[in-house]
Amino acid sequence: MPPRKRKAEQAALPGMPTMKDLKDTLWKAADKLRGSMDAAQYKDFVLGLVFLKYVSDAFVERREQIRAELTEQGVPTDRLDDFLEDIDEYTGHGVFWVPEEARWDELAAQAKQGNPGRLIDDAMDAIMKSNKSLTGVLPKIFNRDNVDQRRLAELVDLIGDARFTGHEKRPARDVLGEVYEYFLEKFARAEGKRGGEFYTPASVVKLLVRVLEPYSGRVYDPCCGSGGMFVQAEKFVLAHQGRRDDIAVYGQEANERTWRMAKMNLAIHGLHGDLSSRWADTFYEDKHPDLKADYVLANPPFNMSDWARNEEDPRWRYGVPPARNANFAWLQHIVSKLGEKGTAGVVMANGSMSSKQSGEGEIRAALVEADLVACMVALPPQLFRTTQIPACVWFFAKDKTPQGAKRLAERRGEVLFIDARSMGTMVDRTERVLTEEDLAKIADTYHAWRGTASARKAGLTYEDVPGFCYSATLEEIRKHDHVLTPGRYVGSAVVEDADDEPIGDKIERLKKELFAHFEESARLEKVVREQLGSVS
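Predicted model only: the values in this text are computed from it and were never measured.

### Let's talk about the nonpolar core
Grouped together as the largest cluster of nonpolar side chains are 64 residues, with contacts concentrated most on F51, L52 and F183. Where this core is concerned, the elements lending two or more residues are α1 (19–34), α2 (39–72), α3 (80–84), α5 (104–111), α6 (116–130), α7 (149–160), α8 (172–191) and α11 (256–268). For this core, the leading source of residues is α2, giving 14 residues. Composition of this core by domain shows at least three residues from each of domain 1 (19–190) and domain 2 (196–264 + 273–488). If near-sequence neighbours (up to four positions away) are discounted, L52 is found in contact with A102, W104, L107, I120, A123, M124 and I127.

See the structure below:
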């Protein structure tokens, strides 16, 4: 194809008036199937169709760009088709090649004549055959006997009303990326507790990314869900004038449907990640056995009682995790994946900071004494709509030295404790989020303590703040029997004024915290009963 001048203004297809309209249209589409199948099923249907519509829109958008550029250069009309069918002109610009039979307008027109399920399955198959990165990823579930073909045809019509192009000159990829994240959050809420298997609240993911600052290198998530950690890492890189290929993504997911969601999510965001050729249990079959990551971001299942335990596993360098709780299996697996200067952020149940049953206290002590723990953050309640179990974040660092040219602060033999339990804002009666100010305060505190380049640039210096943060020595931690609960170290905040929290809000907050403690108490009672049962 001849070289072409870049157009200053590209023609955009007519789009939905606002992003809200687009999201509302697509969620209305989801409702079409809500009554005929459960949340997990319609999630796969809707996200698959949305992805199909996106690749078609992005393809048409790129096709019109090519046509406009060639016309401007005076290329004869009878030669346009030769260039418009040049696959490299699409894939070279990050656009998937869509065979003619899989293009949405063609698909929608034929669907009106009957059997839309077969047409959609064939389209999914054609796209996967034409794009190697999508092999085995897209759902072919639309022509099954249990699918209401009439409702499916209506769904195709509704999604046909949605345009992923023409939104304030934003690329179709960016628009769908936002829509896909919106849908994942909505579906996670609809599925309740099961939603936590594939979705971590955005503010929690942002916290991990903001603290670790993954500017470049290998990023790993051993239980990656729908890939949210990778997407936020990509956004961080782009926000700091980096490029998508500055990070290399590695992940693993045990659930087939969730693995497919993650693959689509990465494809939408232009991330060429290695999530292996199929789904697999990280403990039973580590798909990245030789990986040494620069950054690990993870939100493993809390207190997982049914897991593939092998007492001879070399990953258990600091102690064999108990059979009925995988918390310290996840922590040790993640530590085993860190490179020489690697860092990690791991969301865990609060019990991991203080539990002593079944050898967990000894494993925690060994991790501390190996000087791997850099920071512990106690999170506020109700960040996770899918569970009331109180949570925390473990931050690991393989190298706490100044690291030469990086000029970091010397932190060997120290651990930073941050108590963020009072932070966050309630968005409704059941869910709290960490605001940008909250995220900045926690991340800035860590960066000032570690003496990072971003902290030096901002002129930040670290100091202990009663009730919020404290830098403890290993000797102090030993005196607390290696319990890592931040509240034990940060002390009480200086009271400057009388309690001005409205009594109604205070009662509601304390009630939620009490219920969370009840849930944790019930879990611990179950563990004790199991242990007593094994003794008798």
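After that view, the rundown keeps rolling.
### Considering the confidence of the model for the chain
In the predicted model, the chain carries a mean pLDDT of 87, and 90% of its residues have values of at least 70. Counted against residues more than four places away or in other chains, residues 2–16, with its pLDDT under 50, gives 34 contacts.

### Notes on the pairing of strand β3 (residues 293–298)
In summary, the side chains of a regular strand alternate between the two faces of the sheet. Among the six residues of β3, five are classified as buried, and the element is accordingly described as predominantly covered. Bridging between strand β1 (residues 217–221) and β3 involves two bridges; their strand directions are parallel. Looking across to β3, one finds that V219 is bridged to Y295. Sheet topology note: the β3/strand β4 (residues 338–349) ladder contains five bridges and is parallel. Each bridged residue has a counterpart across the sheet, and for L297 the counterpart in β4 is G345.

### What about the environment of V205?
Among the secondary structure elements, V205 is positioned in helix α9 (residues 202–212). By relative accessible area, V205 is classed as buried at 4%. For V205 and S130, which are 75 residues apart along the polypeptide, the C-alpha to C-alpha distance reads 33 Å. Ignoring any residue separated from it by four or fewer positions in sequence, one finds V205 in contact with T200, G228, M229 and Q232.

### Focus on the pairing of strand β2 (residues 247–251)
Every second residue of β2 is oriented toward a common face, the buried set being I247, V249 and G251 and the non-buried set A248 and Y250. In this sheet, β2 lies alongside β1 in parallel orientation, the contact comprising five bridges. Paired with Y220 across the two strands is Y250, which belongs to β2. Between β1 and its parallel partner β2, the chain crosses via helix α10 (residues 228–239), and the hand of that crossover is right-handed.

### Observations regarding the packing of α9 against helix α14 (residues 436–450)
At a minimum axis distance of 9 Å, the contact between α9 and α14 shows a crossing angle of 30°. By the angle between their axes, α9 is roughly parallel relative to α14. Considering only the axes of α9 and α14, their crossing is right-handed. Of the residues in α14, those touching α9 at S203, K206, L207, R210 and V211 are E436, L439, A440, I442, A443, Y446 and H447. Along the lines of polarity and charge, the residues of the contact of α9 with α14 split into seven nonpolar, two polar and three charged.

### Some details on the domain arrangement of the chain
Here the chain is partitioned into domain 1 (19–190), domain 2 (196–264 + 273–488) and domain 3 (502–530). Distance from the C-alpha centre of domain 1 to the C-alpha centre of domain 3: 45 Å.

### A closer look at the packing of helix α12 (residues 327–336) against helix α13 (residues 360–369)
Direction vectors running N to C along α12 and α13 enclose 25°, while the axes themselves pass 11 Å from each other. By the angle between their directions, the pair α12 and α13 is classed as roughly parallel. As α12 packs across α13, the resulting crossing turns out to be left-handed. Counting all contacts with α12, which are made through F328, Q332 and V335, the residues of α13 involved are E360, I363, R364 and L367. A per-class count over the contact of α12 with α13 returns four nonpolar, one polar and two charged.

Conventions and cut-offs
- Residues numbered from 1 in each chain as written.
- Predicted model: local features only at pLDDT ≥ 70, side-chain atom pairs only at ≥ 80, totals over all residues.
- Heavy atoms only, no water.
- Core = buried A, V, L, I, M, F, W, Y, C linked by side-chain atoms within 4.5 Å.
- Buried < 20%, exposed > 50% of the residue type's maximum accessible area, 1.4 Å probe, protein only.
- Helix = DSSP H or I, 4+ residues; strand = E, 2+ residues; numbered from the N terminus.
- Domains from an automatic or database assignment.
- Contact = heavy atoms within 4.5 Å.
- pLDDT = per-residue confidence, 0-100.
- Pairing = 2+ DSSP bridges.
- Right-handed = clockwise from strand over helix to strand, strands pointing away.
- Axes fitted to C-alpha atoms, helices over the stretch in contact; angles between N-to-C directions.
- Parallel < 35°, antiparallel > 145°, perpendicular 65-115°, else oblique.
- Left-handed = near helix turned anticlockwise from the far one by under 90°.
- Nonpolar A, V, L, I, M, F, W, Y, C, P; charged D, E, K, R; others polar.

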